[in-house]
Amino acid sequence: MQRGSSRQTQYAQPNGQDAAQRRTVAGQHPADQRAAGSHPPRAQAQRPQSQPAAAPPHTRQRLGPSPQNPVQPAHLRSRVPSDTEPSQRLDTSKGGAFTKGIDRISDRVGGTASLKSLLFAVGAFFVLLAILALTKFYYDNERFSEQTQISFSQSLSNQATDVSRRIDTEIAWIDQALFSEGTPEQIVNFISQREMIDGVAMVDANGTAMAKAGTLGDLVAQLDSRNYPTGEVQILSLVAENGSAIPVIIRRRNDVFLLTAMAPQTFIGELSANAALIMDGGRVIDGGANVTSADALTVYNINAQRLAGLTKNAEETSLIPFETGSSKVWLGTAPVPKSFLSVIDIQPRGIASGLKENLMLFALLLLGMGWLIWMLASQLMRQMDILRQRQNEDEVAIQRYQAAVDGSKGGVWEIDLAKNTAYLSPSLASVFNMPKVDTTLSMAQFLGLFAPADRERLFAAIRRSHVSGDFDVELGLAHLPIYMACRGRPSVRGSDHAKIIIGMALDITEMRGAQARLQAAETRLFDALKSMTDSFVIWDQSDRLLIWNERFESFFNFQPGQLQVGIDHATVEYNGMKNVVSVTERAEGNEMELQDGRWIRYSETFTNDGGRVSIGTEVTAIRSRERELQVNQDALEKTISVLRKSQIRIVELAENYEQEKIRAEEASHSKSEFLANMSHELRTPLNAINGFSDIMKKELFGPLGDARYKEYVNDILFSGQHLLSLINDILDMSKIEAGKMSLNTEELQINDMVEQVIRIVRGRADENRLKLIFEEKPAKEIEADPRAVKQVLLNLITNAIKFTPEGGSVTIAVEPKSAGLIVRVTDTGIGISQEHIERLAQPFEQIDSQHSRQHEGTGLGLALSKSLVELHGGNFSMESTLGEGTTVTFTLPSSPPVKQEKPDPTEVGSEITKLANDIAVVLSAGEARMDETKSAVAQNTQPSQSQPPVQVNPSPPPMTNPAQGQAPQRSQSAPPQLPNPYRDSAA
C-alpha cells in the first residue's frame, strides 16, 4: 500500500502544476480573456522557462491583465513549445471525434499528463480491489471447508452418542420385563406395548418359542439359534421384504433368550435420512429413510477395504472425501460407545454458502466505484465550468451593488483592525458632510463622527465582532440630528488573514420618528383596552386580527402569546369555540356559555373601513340565578314524583313482608320436622344394620361358613358406618347453619387427640404407602368440644390421605401460642388451583376433575370442619400449589367465645309504616315549596337591561340541591343529583 501511494503521488505532481497555471488564467478579468481570443486553456497554461513565476494567490484576484504576464494573441500562443508535456500530447492528426473528445477532457482536467495519471491511478485501484476480493474468496472457501469437517465430525459423534443412549434405553426396557416375576406371555406382552417395538419372541436354548407378540413375533422366533449370544446381549438385524434392515436385540437370561425386533430408525433416529448404524463388516443394523439395503457397501457404493479403514478406529471419528456419482461428499464414521457398532453418514461438499453473494457484492461494489469515480470526475469538470461562469456573474453583481449603495441615504464602511483605520464609501462620506469620495480615517476620527454616548457601544461591538459574529446597532451622529443603523460583519483578507469588518450604514432618522409616534399611540390605546371589564377585539376588512385585550384572552382561554396580529378570524373562532359550551341567540346579541361556567353576551359592529369591533360582556350572575331557580324547580318536581312512587311501593313491601315472614316461619318449622324425622327414620335401620353386621363380623354365634360371607359383612358394615357418618355430617351442618349447634366443651390435650386420630387412619395410610408424620410440641390444655375437634382432624387428615399419591407424606404440626393453638395439616398430594380453594370451603362443593371422581365423598368435610372451627372462635385457611401439595391451617383459642344473644331487631313492619308517614309529611312540604319556586323563576327569566347584574346568593331551601354553589355545568352533562328523602326523614 505504501508503494502504491508513492506512485500515485509521483504522477500527481504535474497535475498540481497544471492546476496552479489554470488558476492564474481563471483569475483574469473576462474582458482580458475575450481580448486573448478563443483558445484552449492548456495553451494558456504553457509559458516559456524565461518567464517569471506565477504571482501569489492574492495578487491573481486583481481585475484586468497583469503587466508581468501579458496576454499573447491566439496565433502566437498556439506555437509556443511546451516544456512539460510535449511527448505526452495525444496524436490529433486524424482529427477523429474520439480524439477531439479526449483532447477536451484533458484540457478540462489539466492536460494529457494529468489525464494519464488519473487513468493509471483508477486502473491500479481496480486491480488492487480485484486482488483483495479474490484472496478473500479463496480463504473464505478454505475456512468453510474446515468448518464443514468439524461440524460433520461433531454431528457424527453426537449421533453415535444418541444411538448408544437409545440402545441402553431399549435394553433397560427389556430387562425390566425379563427380570420380573412373570410368565413368558406376560413378559412379551409387556415389552410389545412399547411404540418402537414391532415384535417380541421368547425362546429357549433349543430355539423353541415360548411366547410371541407383535407383528414380527413369528419372524424373530425363526431366527437361527447360532446367532444367539454367548454373553448377555447381542444386536443384529434381519432383512425385510423391501431389502431394508430390521434391528434386533437378543437378551439372554440363563438359558432363555428374548428376541426383540425394533421398528426401523429406532436407533438411528430421523435427523439424517442417509445415516446408518453398521457392524464392522458393513452389515446395516438400522438406517435412515434413504438406506434401503442391509449392506453398507451397496448403500454407499464403497469397497470393503475403504470401509474397514474408516471403521478401524474405535475411538475417534473418521472422515474421507468421497464421490457418489456426480456429487462430491464427505463420508464419515463414528464409533458407538460401549459397542462394536459404528454410525456412518454422508454430507455434501460444496463451496461457501455466501460465496455467490460475495461475488455479486464485489461486482456491485466494482460498478458502484466506477460510477462514483465517473460522477466525481464529471462533477469536477462541471464545477470548473461553473466557476468560469460565476466570475462573469460576480462582475455584474458588483456593478449592481455599487449603483444601489450610491443611490441610498447611506453607504459602505470598512475597518481594518490591524492598521486601526476606517474606510467610508463616497455616498456614506456625503452623509457625514464630507467630500463625496473614498475616504480613509483613523479609528479615533471614525468614532468621533458619532455621538459620545454611542461611541463606546460601537467600539465594543467592533472589538467583539470576531468572537460574537455580526452586529447591528443604532447610533446618533455627533453634530447632526441624524440617526444611523450600522450593520457589520467580521471577515479576513489577504495571505496574512488580516482581520477586517465590513458593514453598511443607513439613515433611519425619519423611520425612528414615525416609530416613536406610533408606539405612543399604541400605548395609550392598549392602556384603555386593558382597563375595560369587557372583552374588546378589532378586525380589519380582511377579517384579520388587529387589537385585543386581556379580557378576550381570559374569556376564550387563550394562552399568552397564542394570539398574534394578522391571524384570520376563522382560526381565532375555531380555537376560541373550544372553550364555548353552548350558544344562545338573542335580540341583544348571542350569549355564550364557557367551559368554566361563565356566560358572556357577545355583540359585533362594523367600522367605516369595513372592519369589525367585537365586544363581550359577562352576564354570568343573571344566568346563574336563572339556572339555579330552574334546577331547584326540576329537582323538587323529580323528588316529589319519586316520593309518591316510593310511598306506594313501601305499602306494597309492607304487605309482602308480612306474607313472606309467615312463609319463612312455616318453611323453617317444616325443615326442623323433616330433619328430625329423617334422623329417626335413617338412624334406626342403620343402627340395626351396623349392629348385626358387627356381630356377624366377630362371629359371636359361630362361623359364617364361606369366607366370602365375612368379606360381604365387612362391606356391609363399612357402608353402613359411612352412610351414618354422612347423615351425621348433614345434620350437623344443618344445625350450624340454623344456629342451633352447641358445643360440649371440656379440658382437651390436643397432642393426645392427634395421636388418637392417627391411630384411626394409620391403616389407610399404610395401604396407600404414605408417611404419617406428627411434629409434636408441648402444648397446654384448651377448652374445646372433643367430638368436634376429633371430627375436624379426621376430616382434614382423611382428605390429605385420600388425595396424596403413593410415596407421599402427610404431616400434622401443632404450634402452641399464648392465645391458643395453631394446627397445620400438610400433604404432598395433587394440590388445588387458586380459583377452586374458596369453593371447597362451601357445603357440597367438589372440584370436577379426574381425581375427585375417583374418590367418594359428598363435599361436606371441609365446609363442616371450617364451621366447627369458627364455632370455637378460630380461623380456617387453605394454601395449595397445583401438583405440589396442600396445607390446611386452623386455630383454636384457649376457650371458645361466649355466645351472646342478639336483641330482637325492630319490627320491620312498624319501621315501614313510620317511613310511609314521613314521606307523606315531605310531600306536603314539597308541593308548597314547588309553587314558590315557579313564581321566582317567572320573575327572573326576563331581566331588565337597565338593571346592572348583581350576584345573588339565596339561602338554601330545606331540601338542598348538592349541585348548588358550584360553577354551572354544560347542558350536555348529567342531571343534578336528587336529594335523599330517606336521609331527610331520618334527620
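All of these numbers come straight from a predicted model, not from anything done at the bench.

> Got a sec to walk through the overall build of the protein? Specific residues and values, please.
In terms of helices and strands, the protein carries 26 helices and 29 strands. In the protein, which comprises 987 residues, the proportion classed as buried is 35%. A separation of at least 24 residues holds for 55% of the contacts in the protein among residues at least 6 apart in sequence.

> Kindly report on the pattern of salt bridges, identifying the contributing residues and their values.
All told, the structure shown has 24 salt bridges when counted by the stated rule. Note that Asp224 is salt-bridged to Arg226, the shortest N-O span being 2.6 Å. Residue class for Arg226 comes out exposed when judged on its relative accessible area of 72%. Where Glu232 meets Arg251, a salt bridge forms, and the shortest distance between an N and an O atom there is 3.9 Å. Taken as a pair, Glu232 in the loop between helix 8 (217-221) and strand 3 (233-239) and Arg251 in strand 4 (residues 245-253) lie far apart in primary sequence, 19 residues in all. The class for Glu232 is exposed, based on a relative accessible area of 54%. Residue classification places Arg251 among the buried residues on the basis of a relative accessible area of 8%.

> With reference to specific residues and values, describe the confidence of the model for the protein.
The predicted structure's coordinates, where accompanied by low pLDDT, should not be read in detail. Chain-level statistics for the protein give a pLDDT mean of 76 and a share of 77% at 70 or above. Considering only residues more than four positions removed or in separate chains, one finds that residues 849-853, a stretch of pLDDT under 50, has five contacts. Here residues 940-987 scores under 50 on pLDDT; set against residues more than four positions off or in separate chains, the count is 58 contacts.

> Give me the lowdown on helix 14 (residues 452-468), citing residues and values where you can.
Here helix 14 is 17 residues long and its end C-alpha atoms lie 24 Å apart, about the 24 Å a rise of 1.5 Å per residue gives. At Ile462, helix 14 is deflected by roughly 30°, the largest bend along its length. Along helix 14, the positions that sit buried rather than exposed are Asp454, Leu458, Ala460, Ala461, Ile462 and Ser465. Residues of helix 14 that are buried sit in contact with strand 11 (410-416), helix 13 (443-448), strand 14 (471-476), strand 15 (483-493) and strand 16 (498-507).

> So what about the nonpolar core? Which residues, and what values?
Core analysis: the largest hydrophobic core is formed by 40 residues, its most contacted members being Leu772, Leu793 and Phe890. Ranked by residues supplied to this core, first place goes to helix 21 (residues 786-802) with eight residues. Counting 32 residues, the second-largest nonpolar core is a separate cluster that includes Ala160, Ala211, Leu258 and Met262.

> Would you mind going over the packing of aromatic side chains in detail, with residue names and values included?
In total, this model carries eleven aromatic pairs according to the counting rule given. When the ring of Phe432 is compared with that of Phe450, the centres are 5.8 Å apart and the planes differ by 85°; the resulting orientation is edge-to-face. Remark: Phe450 occurs in the loop between helix 13 and helix 14 and Phe432 occurs in the loop between helix 12 (426-431) and strand 13 (439-442); sequence separation between them is 18 residues. Note on accessibility: Phe432 and Phe450 belong to one class, buried. With 6.1 Å between their ring centres and 90° between their planes, Phe556 and Tyr602 make a pair best called edge-to-face. With Phe556 in the loop between helix 16 (550-555) and helix 17 (569-576) and Tyr602 in strand 21 (residues 599-606), this pair connects stretches of sequence that are 46 residues apart.

> Describe in detail a nonpolar patch on the surface, supporting the description with residues and values.
A contiguous nonpolar patch, built from Trp371, Leu372, Trp374, Met375 and Leu376 and spanning about 570 Å² of accessible area, is present on the exposed surface. Looking at the secondary structure, you find Leu372 in helix 11 (residues 355-406).

> Explain helix 17 to me, and be specific about the residues and the numbers.
Every buried residue of helix 17 is listed here: His569, Val572 and Gly576. Along the axis of helix 17, the buried positions cluster into a sector of 70°, meaning they face one direction only. Residues of helix 17 that are exposed and point more than 90 degrees away from the buried face comprise Ala570 and Tyr574. Next to the buried residues of helix 17 lie strand 17 (535-539), helix 16, strand 19 (580-584), strand 21 and strand 22 (612-618). N-capping of helix 17 is provided by Asp568, with a side-chain oxygen placed 3.3 Å from the backbone N of Ala570.

> Before we move on, could you go through the side chain of Ser465 and cite the residues and values that matter?
With respect to the helices and strands, Ser465 occurs in helix 14. Residue Ser465 is classed as buried on the basis of its relative accessible area of 1%. Contacts of Ser465, omitting those with residues within four sequence positions, involve Phe471, Pro490 and Ile501.

> Talk me through a negative patch on the surface; I want residue IDs and the actual numbers.
Taken together, the side chains of Glu746, Glu747, Asp752, Glu776, Glu781 and Glu783 present a region of like negative charge at the surface. Along the chain, Asp752 turns up in helix 20 (residues 750-767). On the basis of relative accessibility, which here comes to 47%, the residue Asp752 falls in the partly exposed class.

> Which residues make up the pairing of strand 2 (residues 209-214), and what are the values?
The side chains of a regular strand alternate between the sheet's two faces. Strand direction decides the pairing type here: strand 1 (residues 197-204) and strand 2, joined by five bridges, are antiparallel. Bridge pairing in strand 2 links Gly199 to Gly214. If you look at the hairpin formed by strand 1 and strand 2, you'll find four residues sitting between the two strands, and Gly207 has a positive phi there, around 90°.

Definitions and limits used
Residues numbered from 1 in each chain as written. Predicted model: local features only at pLDDT ≥ 70, side-chain atom pairs only at ≥ 80, totals over all residues. Heavy atoms only, no water. Helix = DSSP H or I, 4+ residues; strand = E, 2+ residues; numbered from the N terminus. Buried < 20%, exposed > 50% of the residue type's maximum accessible area, 1.4 Å probe, protein only. Contact = heavy atoms within 4.5 Å. Salt bridge = Lys/Arg side-chain N within 4 Å of Asp/Glu carboxyl O. pLDDT = per-residue confidence, 0-100. Expected span 1.5 Å × (residues − 1). Bend = angle between axes of the 7 residues up to and from the residue. Core = buried A, V, L, I, M, F, W, Y, C linked by side-chain atoms within 4.5 Å. Phe/Tyr/Trp six-rings, centres within 6.5 Å; stacked < 30°, edge-to-face > 60°. Patch = residues over 30% accessible without salt bridge, like charges linked within 9 Å, V, L, I, M, F, W, Y side chains within 5 Å. Areas by Shrake-Rupley, 256 points an atom, 1.4 Å probe, with all protein chains shown as cover. Arc of directions from axis to C-beta. Polar contact = N/O pair within 3.5 Å; in protein donor to acceptor, adjacent residues only side chain to side chain. Lys, Arg positive; Asp, Glu negative; His and termini not counted. Charge placed at Lys NZ, Arg CZ, Asp CG, Glu CD. Pairing = 2+ DSSP bridges.

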